[in-house]
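Descriptive structure summary
This is what each chain is made of:
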Amino acid sequence: SLLHQCLISVFAVFGMAVVAIMGWGPAGIQNTLFLLLCAAPLLWMREYVRQLSFAHLDVRAAIITDGTIALTQLGGLAYLAWLGELNVGSALAVMGICCGLASVSWLASGRQRFHLSWSAAWLDWCCNWTFSRWALASHVLACSAPYILPWVVAATHGERETGTLGACSTLVGLSNMFLIGLANYLSPK
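Being a predicted model, the structure only gives us computed values, none of them experimental.

Reading the values: rules and limits
- Residues numbered from 1 in each chain as written.
- Predicted model: local features only at pLDDT ≥ 70, side-chain atom pairs only at ≥ 80, totals over all residues.
- Heavy atoms only, no water.
- Helix = DSSP H or I, 4+ residues; strand = E, 2+ residues; numbered from the N terminus.
- Buried < 20%, exposed > 50% of the residue type's maximum accessible area, 1.4 Å probe, protein only.
- Contact = heavy atoms within 4.5 Å.
- Areas by Shrake-Rupley, 256 points an atom, 1.4 Å probe, with all protein chains shown as cover.
- Expected span 1.5 Å × (residues − 1).
- Phe/Tyr/Trp six-rings, centres within 6.5 Å; stacked < 30°, edge-to-face > 60°.

**Notes on the overall build of the chain**
- Along the backbone of the chain there are six helices and zero strands.
- In the chain, the succession of helices and strands from N to C terminus is α-α-α-α-α-α.
- Summarising its shape, the C-alpha atoms of the chain cover approximately 45 × 35 × 30 Å along the three principal directions.
- Split into buried and exposed, the 189 residues of the chain put 27% on the buried side.
- Long-range pairs, those at least 24 residues apart, make up 68% of the contacts in the chain between residues at least 6 apart in sequence.
- When the accessible surface of the chain is totalled, it reaches about 12,700 Å², and 72% of it is carbon and sulfur.

This is the structure in structure tokens:
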């Protein structure tokens, strides 16, 4: 699964690089999109760590990872705001660094053992694709609105309103983190 995560991240970053190079999207997003190319794989790795922890019913590891990321991100963002340097680029950098450090710490802790083998990864992919393609399609459909909505707001109302939406989404996301954690804990029980 770790190899699958890394390969999917590489393909997604390649797709975002194409979007950045072609100049698609709102005019003000181009500089940030290149920073997102670096931060996105780290953000995705955080989600991979969370999902794998929950799949193995290791709720403690997921809570420690989420708590560490939340505290370091909030501290980093507060520090940047105090310095007057808080902008989209610096916020993405803080998010990426915090998620990357927590994910690397989780991987280094050895909570999950990985045996990396390209042949095994290919066999697992072939075996699981018949079911997982439907799960993937369902997940993409369910998750598309939060990712598409800022682009729609940017295209129709501008960057300032998109920033306000992002700030509001972050505040709501703080409570959402606890609700999702509780749901992930109670569902297997």
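**Some remarks on helix H3 (residues 59-83)**
- Relative to the 36 Å expected for 25 residues at 1.5 Å per residue, H3 spans 36 Å between its end C-alpha atoms, a close match to the ideal helical length.
- Taken together, the buried positions of H3 are Val59, Ala61, Ala62, Thr65, Asp66, Ile69, Ala70, Gln73, Leu77 and Leu80.
- Buried residues in H3 make contact with helix H2 (30-55), helix H4 (88-109) and helix H6 (159-186).
- Directly after H3, the chain includes glycine 84, whose backbone phi takes a positive value near 80°.

**Overview of the packing of aromatic side chains**
- A complete count under the given rule lists one aromatic pair for this structure.
- Taking 6.1 Å as the distance between ring centres and 35° as the angle between the ring planes, the aromatic pair formed by tyrosine 79 and tryptophan 82 counts as tilted. Of this pair, tyrosine 79 and tryptophan 82 both sit in helix H3, separated by three residues, roughly a single helical turn.
- By relative accessible area, tryptophan 82 is classed as exposed at 69%.

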